[in-house]
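# What the coordinates show
The residues making up each chain are set out below.
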Amino acid sequence: MLIQRLTDILSSEITAPEIYRGRREFMRAAGTLALAGGLGLQVADAAAGVKLAGTRPGPYGTSEELTPYKDVTTYNNFYEFGTDKADPAVNAGSLNPRPWTVRVDGLVNRPGQYDIDALLKLASLEDRIYRMRCVEGWSMVVPWVGYPLNELIRRVEPLGSAKYVEFTTLNDRARMPGLRSPVLDWPYTEGLRLDEARHPLTLLAVGLYGETLPNQNGAPVRIVVPWKYGFKSAKSIVRIRFVEHRPISSWERAAPREYGFYSNVNPEVDHPRWSQSRERRIGEFRKRKTLMFNGYGEQVARMYTNLDMRRYY
Ligand code: MTE
């Protein structure tokens, strides 16, 4: 039953942009906070971004047109705040992303608890424009702010036995109203192979459009893995655990025939109920062809040369 409900939601028609834009108005409160330019400021209004100063342009840019801020922040998947694309922007005010700590543990020499402001200062912040392709058939181009997850990984010194990394999201009903609904087996978890997690494209994101992450996009810290379907990019993470065996993610647990561990963007392997060959870029009407590895094949294909990508989808 759970799977039935879940797949019903995912297979539902994607709302046309002209409808969702007009449906609910998300009030962006940028400018209402002191933009002091320093890191680690208190985020007083959860919906508002605080400017992240001193970022530098990162590699892997794209000249493609950016998806407007309004669309990036009002058309979201964040089931802890509801299953409608408009729900997170409306409901995520209760998330309260500060104070926040991220536990990093498991098979590492130097486990630890990182306060979010310490995490922000751990490495220099980069602006990285990535395409994001959702498994449901839409895509965006988002200017993220963050640094490679590997900056954190090398500091905690994974043991030789660590082969995978598991990400766990906040699990607090008082702050996440969607957790009352059994749509997924909470908390939301995701995983990567260690080499994927260490790949220079894998970003520990703390902002977008030059500001701290809006709650609905996974404040205060999330993962962005641009060559995989969007659900691999776990939001509002509280734990990063290094493990020996492949973790089972929330989506894989819910519907293993539909959502595998790898979930590399692959136009040649259809989802059991729909094609993955094309996508709708949010803001455009004509569909585009989906690119292998979401266009990042040059950077990542070598990690999968010995993997049957039809079997390990
Ligand atoms: N992380 C959590 N904790 N909960 C979620 O429901 N949804 C995933 C992913 N991370 C999700 C999540 C899915 S399906 C997608 S497509 C992306 O977040 C969407 O990220 P965005 O809303 O910032 O575009």
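The following refers to the structure shown. Keep in mind it's a predicted model, so treat the numbers as computed, not measured. (Residues numbered from 1 in each chain as written. Predicted model: local features only at pLDDT ≥ 70, side-chain atom pairs only at ≥ 80, totals over all residues. Heavy atoms only, no water.)

### Quick look at the overall build of the protein chain
On a plain count of helices and strands, the protein chain comes out with nine helices and 13 strands. In the protein chain, which comprises 313 residues, the share counted as buried stands at 55%. Within the protein chain, counting contacts between residues at least 6 apart in sequence, those at least 24 apart form 72% of the total. Surface summary for the protein chain: the accessible area is close to 13,400 Å², and the carbon and sulfur share equals 50%. (Helix = DSSP H or I, 4+ residues; strand = E, 2+ residues; numbered from the N terminus. Buried < 20%, exposed > 50% of the residue type's maximum accessible area, 1.4 Å probe, protein only. Contact = heavy atoms within 4.5 Å. Areas by Shrake-Rupley, 256 points an atom, 1.4 Å probe, with all protein chains shown as cover.)

### Brief notes about the sheet that holds strand β2 (residues 101–106)
Taken together, the five strands give an open sheet; going across it, the order is β3-β2-β11-β6-β7, and neighbouring strands pair in mixed fashion. The open sheet is flanked by β3 (112–115) and β7 (189–193), the only strands paired with a single partner. Averaged over all pairs of adjacent strands, the angle between their axes in this sheet comes to 20°, without regard to strand direction. Of the pairings in the sheet, the one linking strand β6 (residues 164–169) to β7 comprises five bridges and is antiparallel in character. Note on β7: the bridge partner recorded for Thr 168 is Thr 189. Along the sheet, helix α6 (residues 149–156) makes contact with β2, β3, β6 and β11 (237–243), crossing β11 at roughly 55°. (Pairing = 2+ DSSP bridges. Axes fitted to C-alpha atoms, helices over the stretch in contact; angles between N-to-C directions.)

### Overview of the side chain of Ser 139
Structurally, the position occupied by Ser 139 is in strand β5 (residues 138–148). Residue class for Ser 139 comes out buried when judged on its relative accessible area of 1%. Those residues in contact with Ser 139 that sit more than four places away from it in its chain are Met 132, Arg 133, Glu 279, Arg 280, Arg 281 and Ile 282.

### Remarks on the environment of Pro 158
Within the fold, Pro 158 resides in the loop between α6 and β6. Beyond its immediate stretch of four places on either side in the chain, Pro 158 contacts Leu 107, Val 108, Ile 153, Leu 194, Arg 198 and Phe 242.

### Points about the site of the ligand
For the ligand, the set of nearby residues contains 16 residues, the closest of which are Asn 76, Tyr 79, Glu 80, Arg 222 and Lys 235. Measuring from a nitrogen atom of the ligand, one finds a side-chain N or O atom of Glu 80 at 2.7 Å. Within the side chain of Arg 222, an N or O atom sits 2.6 Å from an oxygen atom of the ligand. Burial of the ligand by the protein amounts to 98% of the accessible area it has alone, namely 530 Å². In a pocket analysis with a 2 Å cut-off to the grid points, the ligand is assigned to the largest cavity. Residue composition of the shell around the ligand, by class: seven nonpolar, six polar and three charged. (Near = heavy atom within 4 Å. Polar contact = N/O pair within 3.5 Å; in protein donor to acceptor, adjacent residues only side chain to side chain. 1 Å grid on protein atoms, 1.4 Å probe; cavity = no way out; pocket = protein on both sides within 12 Å on 5 of 7 lines; lining within 4 Å. Sits in = over half its atoms within 2 Å of the grid points. Nonpolar A, V, L, I, M, F, W, Y, C, P; charged D, E, K, R; others polar.)

### A short note on empty space enclosed by the protein
What the rule picks out here adds up to two cavities of 30 Å³ or more. Reported here for the largest cavity is a volume of approximately 370 Å³. Lining the largest cavity we find 26 residues, and of these Asn 77, Phe 78, Gly 230, Phe 231 and Lys 235 sit closest to its centre. No other element matches the four residues that β5 contributes to the lining of the largest cavity. Looking at the lining of the largest cavity residue by residue, the class counts come to 16 nonpolar, six polar and four charged. (Points joined across faces, edges and corners; volume = space filled by probe spheres on them.)

### Some details on unusual backbone geometry
If a residue is not glycine, its phi is most likely negative; likewise, a peptide bond is most likely trans. A cis amide bond links Trp 186 with the next residue in sequence, Pro 187, at an omega value of -5°. Here Asn 96, not a glycine, exhibits a phi torsion of approximately 60°, which is positive. When you line up the elements, Asn 96 lands in the loop between α4 (87–91) and β2. A residue is classified by how much of its surface remains accessible, and Asn 96, at 46% relative accessible area, is partly exposed. We note that Ser 263 has phi near 50°; this positive angle belongs to a residue other than glycine. A relative accessible area of 4% places Ser 263 in the buried class.

Functional significance is not addressed by these values, which are geometric in nature.
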